[in-house]
Amino acid sequence: MSSGRYNYSARNIIVPSSGYLRADEVILSYSTFLELYRSELINFYQKIQNCTIMEASHAWKKATVHFDQIFYNIMKYMVEDKTCKKYMSLLICRNPCINYGSFLLMRVADVTNDITNKTLTIPSNTLSGLNADFTSQVGVC
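Heads up: these notes are all about the structure in this document.

1. Quick word on the pattern of salt bridges
One pass over the full model with this rule turns up five salt bridges. Two residues, Asp-110 and Lys-76, come together in a salt bridge whose shortest N-O distance is 2.6 Å. Of this pair, Asp-110 sits in strand β4 (residues 103-111) while Lys-76 sits in helix α4 (residues 69-80), placing them 34 residues apart in sequence. Given a relative accessible area of 26%, Asp-110 falls into the partly exposed group. One network of salt bridges, in which partners are shared, links Arg-22, Asp-24, Glu-25 and Arg-107.

The following block contains the structure:
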């Protein structure tokens, strides 16, 4: 049993996949990925740009408002790199959280490059476990 607030969490609109995702995979939006993996993104950015953590944090903040290709490239690297990929997972919670299947541990398969996109693409066969339809919202933490 768990209650309270979660760090690095986001709300998304559920979108069913077109059938190419595995049952344990999701596609995150740019903004959601930016929020959930904030620390990792800032760390990679700081190393790539050879700047201070403060400068990387300011760049991250700007990337939350305007699409940043460098951060997007880091996201794609994190999703595709074998070392990073095994740690790229998230917990999906759909209210009411006491139902069987309302918490799911999923792997990140891809990330979209549209900053206005606020959706979470999940496999269609997962919708029944979340008791969700196409207009539901889900919390990701």
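Okay, back to it.
2. Re the packing of helix α2 (residues 38-49) against α4
Interaxial distance between α2 and α4 falls to 10 Å at its minimum, and their mutual angle equals 115 degrees. With respect to α4, the element α2 is oriented roughly perpendicular. As α2 packs across α4, the resulting crossing turns out to be right-handed. Here Glu-40, Leu-41, Phe-44, Tyr-45, Ile-48 and Gln-49 of α2 come into contact with α4, specifically with Ile-70, Phe-71, Ile-74, Met-75, Tyr-77 and Met-78. Among the residues making up the contact of α2 with α4, the classes are represented as 10 nonpolar, one polar and one charged.

3. Structural notes on unusual backbone geometry
You will see that Asn-50, though not glycine, has its phi angle at about 55 degrees, which is positive. Its location among the elements puts Asn-50 in the loop between α2 and α3 (53-63).

4. Observations concerning the environment of Phe-44
Topologically, Phe-44 is positioned in helix α2. On a C-alpha basis, the gap between Phe-44 and Met-75 in space is 9.7 Å, while along the polypeptide they are 31 residues apart. Not counting residues within four places of it along the chain, the set of residues in contact with Phe-44 comprises Ile-74, Tyr-77, Met-78 and Cys-84.

5. Focus: the pairing of strand β5 (residues 119-122)
Here β5 shows no split at all, with Thr-119 and Thr-121 on one side and Leu-120 and Ile-122 on the other all buried. Of the pairings in the sheet, the one linking strand β1 (residues 10-16) to β5 comprises four bridges and is parallel in character. Across the sheet, residue Ile-14 finds its bridge partner in β5, namely Leu-120.

6. Here we look at the side chain of Thr-32
Take Thr-32: it is sitting in helix α1 (residues 30-36). The residues touching Thr-32, leaving out its near neighbours within four places in the chain, are Ala-10 and Asn-12.

7. Section: the packing of aromatic side chains
Scanning the entire structure with this criterion turns up five aromatic pairs. For the ring pair Phe-44 and Tyr-77, a centre distance of 5.7 Å and an interplane angle of 75 degrees mean the geometry is edge-to-face. Linking Phe-44 in helix α2 with Tyr-77 in helix α4, this pair joins segments that are 33 residues apart in sequence. Assessed through its relative accessible area of 42%, Tyr-77 is described here as partly exposed. Residues Phe-67 and Tyr-72 carry aromatic rings whose centres are separated by 5.6 Å and whose planes lie at 50 degrees to one another, so their mutual orientation is tilted. Residue classification places Tyr-72 among the buried residues on the basis of a relative accessible area of 11%. An aromatic cluster is defined as three or more aromatic residues linked by ring pairs; in this entry it consists of Tyr-30, Phe-67 and Tyr-72. The residue whose ring lies beneath Arg-38 is Trp-60, and the NZ or CZ to ring-centre distance is 4.1 Å.

Scoring rules and cut-offs
Per chain, residue numbering runs from 1 following the sequence as it is written. Two thresholds apply to this predicted model, a pLDDT of at least 70 for residue-level local features and 80 or more for giving and counting side-chain atom pairs, whereas whole-chain, interface and lining totals are computed over all residues. To obtain the side-chain values, all non-hydrogen atoms of the structure were used and water was disregarded. Take a side-chain nitrogen of Lys or Arg and a carboxyl oxygen of Asp or Glu: if they are within 4 Å of each other, that pair is a salt bridge. A helix here means a DSSP run of H or I that spans at least four residues, while a strand means a run of E at least two residues long, and both kinds are numbered starting from the N terminus. Any residue under 20% of the maximum accessible area for its type is buried, any over 50% is exposed, and the rest in between are partly exposed; the area is computed with a 1.4 Å probe on protein chains only. Note on geometry: axes are lines fitted to C-alpha atoms, helical ones only across the stretch in contact, with angles between N-to-C directions running from 0 to 180 degrees. Any angle from 65 to 115 degrees is called roughly perpendicular, while one under 35 is roughly parallel, one over 145 is roughly antiparallel, and all others are oblique. For any helix crossing, the convention is left-handed if the near helix is rotated counterclockwise from the far helix by under a right angle, and right-handed if that rotation is clockwise. In what follows, residue pairs with any heavy atoms lying within 4.5 Å of each other are defined as contacts. Put simply, Ala, Val, Leu, Ile, Met, Phe, Trp, Tyr, Cys and Pro go in the nonpolar bin, Asp, Glu, Lys and Arg in the charged bin, and everything else, Gly too, in the polar bin. At least two DSSP bridges between two strands are required for those strands to pair. The criterion for an aromatic pair is that two Phe, Tyr or Trp rings (for Trp, the six-membered ring) have centres within 6.5 Å, with stacked assigned to planes under 30 degrees apart, edge-to-face to planes over 60 apart and tilted to the rest. A ring has a charge above it when a Lys NZ or an Arg CZ is no more than 6 Å from the ring centre and no more than 35 degrees off the ring normal.

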